[in-house]
Amino acid sequence: MNTNSYLQLGTVEALVVRKPVKNLHLSVLPPNGWVRVTAPESMKDDAIRTLLALRLPWIKKQQVKFACQERQTQRDYLTGESHYFFGKQYRLKLVYKDEVPAVFLKGKNKIVLQVRPGSSVAKRQQVMVDWYRKALHKVVADLMVKWQKKIGVEAKCWGIKQMKTRWGTCNHKQARILINLELAKKPIACIEYVIVHELIHIVEKNHNDNFTALLTGHMPKWKSLKEELNRFILSHEEWKH
Ligand SMILES: [Zn+2]
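Residues numbered from 1 in each chain as written. Predicted model: local features only at pLDDT ≥ 70, side-chain atom pairs only at ≥ 80, totals over all residues. Heavy atoms only, no water.

Q: Any details on the packing of helix H4 (residues 188–203) against helix H5 (residues 209–218)? Residues and values, ideally.
A: When two helices pack together, you describe them by how their axes are tilted relative to each other and by the distance separating the axes. The interhelical angle for the contact between H4 and H5, taken along N-to-C directions, is 135°, at an axis separation of 10 Å. As the angle between them shows, H4 and H5 are arranged oblique. For the pair H4 and H5, the crossing hand works out as right-handed. Where H4 abuts H5, its residues Tyr-193, Val-196, His-197, Ile-200, His-201 and Val-203 lie against Phe-211, Leu-214, Leu-215 and His-218. Its residues placed into classes, the contact of H4 with H5 shows 7 nonpolar, 3 polar and no charged. (Axes fitted to C-alpha atoms, helices over the stretch in contact; angles between N-to-C directions. Helix = DSSP H or I, 4+ residues; strand = E, 2+ residues; numbered from the N terminus. Parallel < 35°, antiparallel > 145°, perpendicular 65-115°, else oblique. Left-handed = near helix turned anticlockwise from the far one by under 90°. Contact = heavy atoms within 4.5 Å. Nonpolar A, V, L, I, M, F, W, Y, C, P; charged D, E, K, R; others polar.)

Q: Describe the pattern of salt bridges, listing the residues and the values that go with them.
A: A side chain with one charge can pair with a side chain of the opposite charge if their charged atoms come near. This structure, assessed with the given rule, holds 4 salt bridges. Close ionic contact of Arg-18 with Asp-45 constitutes a salt bridge, the shortest N to O distance being 2.6 Å. Remark: Asp-45 occurs in helix H1 (residues 45–54) and Arg-18 occurs in strand E2 (residues 12–19); sequence separation between them is 27 residues. You can call Arg-18 partly exposed: its relative accessible area is 21%. (Salt bridge = Lys/Arg side-chain N within 4 Å of Asp/Glu carboxyl O. Buried < 20%, exposed > 50% of the residue type's maximum accessible area, 1.4 Å probe, protein only.)

Q: Please provide a residue-by-residue account of the packing of aromatic side chains, values included.
A: Geometry of an aromatic ring pair is reported as the spacing of the ring centres plus the angle between the planes. Following the criterion strictly, the structure yields 6 aromatic pairs and no others. Taking the centre distance of 4.6 Å and the plane angle of 40° together, the rings of Phe-85 and Phe-86 count as tilted. Take Phe-85: its relative accessible area is 10%, and that puts it in the buried class. Between the aromatic rings of Phe-85 and Tyr-132, the centroid separation amounts to 6.0 Å while the plane-to-plane angle is 50°, which identifies the pairing as tilted. Residue Phe-85 is found in strand E5 (residues 82–85), and its partner Tyr-132 is found in helix H3 (residues 121–151); the two are separated by 47 residues along the sequence. Look at Tyr-132 and you get buried, because its relative accessible area is 7%. One aromatic cluster is present, built from ring pairs that chain together Phe-85, Phe-86, Tyr-90, Trp-131 and Tyr-132. Between the NZ or CZ atom of Lys-150 and the centre of the ring of Trp-147, over which it lies, the distance is 4.7 Å. (Phe/Tyr/Trp six-rings, centres within 6.5 Å; stacked < 30°, edge-to-face > 60°. Lys NZ or Arg CZ within 6 Å of the ring centre and 35° of its normal.)

Q: Could you give me a rundown of unusual backbone geometry, with the residues and numbers involved?
A: Phi is positive for Tyr-77, close to 60°, though the residue is something other than glycine. With respect to the helices and strands, Tyr-77 occurs in the loop between helix H2 (56–72) and E5. In this structure Tyr-77 comes out as buried when scored by relative accessible area, which is 10%. Positive phi, close to 55°, is recorded for Ala-175, a residue that is not glycine. Within the secondary structure layout, Ala-175 lies in the loop between strand E10 (168–171) and strand E11 (176–180).

No statement about biological role is implied by the geometric values presented.
Below, the structure written as structure tokens:
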């Protein structure tokens, strides 16, 4: 999503998305309090910066709120915790066994995390993250094959990366795509939307009418998938400029 840029204001980093809108729209996103600004295409960076500065107290307040929520839902990778996997909620079952660590699904709603006795929270997290990465890699690989063929484009390379504010990125010139590791928690249809979106960027750099037409042509329901991906936006306000 490469028409985006970043503005730094003290300790606050804001993702700025230019769109044909009339007003500036500010969101503080859970779970980490990332700041996103949707701004009119003609608005200068300085003007955005000034408006952001005025809203800093509000932004900080939202970030503190999310930080508190984050602590409450902090994962220790213990039995009984709830974890998402491809859009579905599972209960974690922690099993200690003196064997190579493993993660697997059991029954309808269990994720079994098997680690060696005495494994730390960090180790348990690492085992889970590796599992998520492997599972997502497999899904993305299949979808890449399917959609490169359908759209008629070729990504030079792609990878999976933990990212802060974007579900995916595409380097238009080099045809390189990155997919956010967090997508392993989202429904496969949403992952598919991100892949189609980024693949179209190989032929169309900007989010213009051509881009939207291509996207709609290949994936008529992309809007509802995008909404589903971003529906956890809890905190936002609209302001005039
Ligand atoms: Zn994009």
